[in-house]
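# Tertiary structure, described
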Amino acid sequence: MSADEEAARQSLTAARDTLSQLTQLPAAAQLTGDARTQVAQLITNFNELITTQVQWRASYSKVDANLTALLGTGDSAAPTPSSTTGAVGTSGATAAPAASLDPAVRTKLMELRGHLAAFEKASAGNAK
């Protein structure tokens, strides 16, 4: 196993542990509405990511989209404003859940995003 493969595996393990810690937070059990739906979908998509043997990028993209819906883009604590004022429909994720997340939940989600970014970086070296 190469150093990149080992780093990718360690990053996914750390991400799994972080997600497990997130689900055990009392604040996570109190999530409602879109935030609760996004966290549930995040868990489903993460489980798909860690069990896929090929084409992991598609699963990774789903997890990344869930995190973006929950946290906004980047590591900024401020939600990213929509470029289309008053838009309705499925044009993209809204920033509403980010504003309503408990700080402990937000911290675990940001930690998860960091582990997944490290996984993607390590895995990119193995892409053929």
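Look up a bit, the structure's there.
Residues numbered from 1 in each chain as written. Predicted model: local features only at pLDDT ≥ 70, side-chain atom pairs only at ≥ 80, totals over all residues. Heavy atoms only, no water.

## Things to note about the overall build of the protein chain
Where we set the bar: Each helix corresponds to a stretch of at least 4 residues labelled H or I by DSSP, and each strand to a stretch of at least 2 residues labelled E; elements are numbered beginning at the N terminus. Only protein chains enter the accessibility calculation, which uses a 1.4 Å probe; a residue is then buried when its area is under 20% of its type maximum, exposed when over 50%, and partly exposed in between. Note on definitions: a residue-residue contact is assigned when non-hydrogen atoms from the two residues lie within 4.5 Å.
When helices and strands are tallied, the protein chain shows six helices and zero strands. Overall, the protein chain shows an N-to-C arrangement of helices and strands of α-α-α-α-α-α. In the protein chain, which comprises 128 residues, the share counted as buried stands at 31%. Across the protein chain, contacts joining residues at least 24 apart in sequence account for 78% of those joining residues at least 6 apart.

## Notes on helix α4 (residues 56-71)
Applicable threshold: Here the expected length of a helix is defined as 1.5 Å per residue gap, with one fewer gap than residues.
If you check α4, its first and last C-alpha atoms are 22 Å apart, about what 16 residues at 1.5 Å a residue would give, namely 22 Å. Looking at α4, one finds that the buried residues are W56, S59, Y60, V63, N66, L67, A69, L70 and L71.

## Quick look at the nonpolar core
The cut-off we apply is this: Only buried residues count toward a nonpolar core, which is a set of Ala, Val, Leu, Ile, Met, Phe, Trp, Tyr and Cys residues joined through side-chain atoms within 4.5 Å.
Counting residues in each nonpolar core, the largest one holds 26 residues, and the members touching the most others are L42, F46, L49, L67, L101, L109 and L116. At the level of secondary structure, the elements contributing two or more residues to this core comprise α1 (3-24), α2 (26-29), α3 (33-51), α4 and α6 (103-124). With near-sequence residues (within four places) excluded, F46 lies in contact with L12, A15, R16, L19, V63 and L116.

## Focus: the side chain of S59
Which entries qualify depends on this criterion: Each polar contact in these results corresponds to two N or O atoms within 3.5 Å; when the atoms are within protein, one needs to be able to donate a hydrogen and the other to accept it, and residues that are neighboring in sequence are counted only if both atoms are side-chain atoms.
If you trace the backbone, S59 turns up in helix α4. We classify S59 as buried; its relative accessible area is 3%. Polar contacts involving the side chain of S59 include one to the side chain of E48, which spans 2.7 Å. Beyond its immediate sequence surroundings of up to four residues, S59 is in contact with N45, E48, L49 and T52.

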